Amino acid sequence: MSQLSERPEKAVVGVPMPHESAALHVTGTALYTDDLVHRTKDVLHAYPVQVMKAHGRITALRTEAALAVPGVVRVLTGADVPGVNDAGMKHDEPLFPDEVMFHGHAVAWVLGETLEAARLGAAAVEVELDELPSVITLQEAIAAGSFHGARPVMETGDIDAGFADSAHVFTGELQFSDQEHFYLETHAALAYIDEAEQVFVQSSTQHPSETQEIVAHVLGLHSHEVTVQCLRMGGGFGGKEMQPHGFAAVAALGAKLTGRPVRVRLSRTQDLTMSGKRHGFHAAWRIGFDADGRIQALDATLTADGGWSLDLSEPVVARALCHIDNTYWIPNARVAGRIARTNKVSNTAFRGFGGPQGMLVIEDIMGRCAPLLGLDPIELRERNFYRKGQGQTTPYGQPVVRPERISAVWEQVKESAGIADRTREIAAFNAAHPHTKRGLALTGLKFGISFNLTAFNQGGALVLIYKDGSVLINHGGTEMGQGLHTKMLQVAATTLGIPLHKVRLAPTRTDKVPNTSATAASAGADLNGAAVKNACEQLRERLVRVAATQLGSHASDVRIVEGVARTLGSDRELAWDDLVRTAYLQRVQLSAAGFYRTEGLHWDAKTFRGSPFKYFAHGAAAAEVEVDGFTGAYRIRRVDIVHDVGDSLSPLIDIGQIEGGFVQGAGWLTLEDLRWDAGDGPNRGRLLTQAASTYKLPSFSEMPEEFNVTLLENATEEGAVYGSKAVGEPPLMLAFSVREALRQAAAAFGPAGTSVELASPATPEAVYWAIQAARGSGASDGPADDAAARIDSARVEGARVEGGPADGGFRADAEAAIGA
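About the thresholds
- Residues numbered from 1 in each chain as written.
- Predicted model: local features only at pLDDT ≥ 70, side-chain atom pairs only at ≥ 80, totals over all residues.
- Heavy atoms only, no water.
- Helix = DSSP H or I, 4+ residues; strand = E, 2+ residues; numbered from the N terminus.
- Rg over C-alpha atoms; globule rule 2.2 N^0.38 Å.
- Buried < 20%, exposed > 50% of the residue type's maximum accessible area, 1.4 Å probe, protein only.
- Contact = heavy atoms within 4.5 Å.
- Areas by Shrake-Rupley, 256 points an atom, 1.4 Å probe, with all protein chains shown as cover.
- Lys, Arg positive; Asp, Glu negative; His and termini not counted.
- Charge placed at Lys NZ, Arg CZ, Asp CG, Glu CD.
- Axes fitted to C-alpha atoms, helices over the stretch in contact; angles between N-to-C directions.
- Parallel < 35°, antiparallel > 145°, perpendicular 65-115°, else oblique.
- Nonpolar A, V, L, I, M, F, W, Y, C, P; charged D, E, K, R; others polar.
- Pairing = 2+ DSSP bridges.

### Details of the overall build of the protein chain
- When helices and strands are counted, the protein chain shows 21 helices and 29 strands.
- Taking 2.2 N^0.38 as the reference for a compact globule, 820 residues should give roughly 28 Å; the C-alpha atoms of the protein chain span a radius of gyration of 28 Å, in line with that estimate.
- Once the C-alpha set of the protein chain is aligned to its principal axes, its extents read approximately 90 × 80 × 50 Å.
- In the protein chain, buried positions account for 62% of the 820 residues.
- Taking the contacts inside the protein chain whose residues are at least 6 apart along the sequence as the reference set, 81% of them involve residues at least 24 apart.
- Carbon and sulfur atoms provide 51% of the accessible area of the protein chain, an area that totals close to 29,700 Å².
- Side chains of the protein chain give 75 positive and 98 negative charges; the mean places of these two sets differ by 4 Å.

This is how it looks when you write it as structure tokens:
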């Protein structure tokens, strides 16, 4: 086992413990960015001037009336920017635009003594607009050829030969929704200038280093003149990876121009209408299976709704392509990706970062095609798993090193959830209940861990030991409630061999650990944990040498355990505090900078080949639902999950992440339905779901009535910090089991073998229409049905359709969409 993975005796990692700020959270004493306003003197409040049109060129911007409003101090416009008027890393996001690109685009910001004064001032700003045609929906963008950014193509094998060898070939399409992050804390920033003209920004950001970079170039400064700090975030989910930079830059610009602290804090409606979401996708596909139901070929085009600027759309699409295989070996594939440019907010990172969108396509295909092949969906999925010893690689060329984990979690769920017995019970229930049906589905996942961009796979830390024996950790990761800081405390205490109470963690800030990567891609614990461990190992080695001298032994024989240094084979010992004090008196350095870079990664974005991921995280989930045939309303009766987190750094934290990720995924797939006005009226492009009253989030009533989560045992990951695995993003995709269970319950209202198309999100309305389609289905009773009739009703290619009942209604034009 590598030094990075090996755990010492009596390790603090692996011990279940609550979140380090849990008590502060529940008592309301935890500080967030906007709480600091009340501790800061003479703060000005910023309010956006939003233009409520989807697209248009600004012909006049008049601010005089705003300056006449009592309490208004200044109006910020593009003319005030001393550096670069852009808040994006792709240089396509002007901070103060001269062209409105989406409904609610902010073109200026008003600074006031109070928020109300700033609001009234913003309302007084006059904007004249030359309206331009707008593109709102994905369909409009595809029809208009409105695309931007890279258009990658992932290819493997011989796709033509694969389809020629297929006994069954199906075509279809799927469009699925975007998703609002809906973090509890909206975007916020507070900036001030110190006596040396240094800019200090408190920001609710997942990427302080990039926020620092954007603020610096907007102000025309160097990065060493800007410090960004993030205390903690009230949720992020990817929505605060790129999007906070512009808001921080507005606050910093205001502070620079006025000499006073400036606060930016969006209301919920502003946050919803001004910040990006998870990318909605359209997928058109064609798939071939052999006579036994094994995938032979896949041809697909994935189109992401990028919104008005690129943001992170290119890597999101790349990750979607890299995850379209999920747990299944696809020997011959051609998958193309593209980004639609629409006049909506710029879509961005969201938990899973394109992986869920790619996986949803293949899981939808499996759910739709299983009845056509005359196979149980569980059996169809099992037949296509990656297998050990087959030398199988992903469509982008990365070997799947431990495919047995796919089957391990799957079989454990089947056993612990009693899938066989419950399947029989559900069949009996459905036969006895004509107006209520149940469905039980099992789905798995294989999710790659690392940033697609290799350079981001690095982490840093600064660990300080004070002469009283207390320890302070600084690292490059940010805390958004996911428990990263808790894990870092455990890593430090374990590496140094001291009790947890000896260690404290400082807020994340750019003048302590520079050039950090975003806390994203589920890599926060991997990167920062290894960096913290590296720094602590440097310190421990120095202290062990001091202890060896004091104990009269060789340094290799000294162990520090539970705050006491001891020599092997001897009863002599030295307390930690005494050891540190002795080291100080001997002028031994008691601080260390740690660093880590993930080894073994390589990626060629042009050829779309390589090994971009350090390892794969695995999991499986079984979900049982009950559906009302009159309304489409449903409830989740039970969920069973087995998830692979390696050797957990903090089991209580990891279980919480699995539960939360699963529920967030279920929300995306079943409830959360963003709607824009796509009509030709005056409100075209307006987000219609602007609040919790119109945007349905999962709540207690949507939680599974029985929810069982188990961590896979004996799953140490070689080459990762203390044998652990990432946990943040993968569990979200376990929620595919809920959508597939709803599909099966809806299909149960029709004849046996019915294949059901199910919209995403699968709202009760969508489930109702799926039920109606199932009731009206002309599906056969099974594989023995007349083959010619099956071919006609399935609308599949060729005459090689054997062993499967009819399609429940795939759209005839889907094949044409593949080449769109």
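Now that the structure has been shown, the text picks up again.
### A few points about the packing of helix α17 (residues 651-670) against helix α18 (residues 736-747)
- At a closest axis distance of 8 Å, the pairing of α17 and α18 adopts a crossing angle of 40°. With respect to α18, the element α17 is oriented oblique. The segment α17 lies against α18, with Phe662, Trp668, Leu669 and Thr670 engaging Phe736, Ser737, Val738, Arg739 and Leu742.
- Its residues assigned to classes, the contact of α17 with α18 shows 6 nonpolar, 2 polar and 1 charged.

### Looking at the pairing of strand β5 (residues 105-112)
- Burial of β5 is extensive: 8 of the 8 residues sit out of reach of the surface.
- Strand direction decides the pairing type here: strand β1 (residues 44-51) and β5, joined by 7 bridges, are antiparallel. Residue pairing in the sheet places Val49 in a bridge with Ala108 of β5.
- Here strand β3 (residues 72-76) runs beside β5; their pairing, made up of 4 bridges, is antiparallel. Pairing of Arg74 across the sheet is with Leu111, part of β5.

### Focus: the sheet that holds strand β14 (residues 295-307)
- Judged by pairing direction, the sheet is mixed, and its 5 strands sit side by side in the order β7-β15-β14-β13-β8 without closing on themselves. Because the sheet does not close on itself, it has two edges, and the strands there are β7 (153-156) and β8 (168-176). When the angles between neighbouring strand axes are averaged without regard to direction, this sheet yields 10°.
- Pairing geometry for strand β13 (residues 281-289) and β14, over 9 bridges, is antiparallel.

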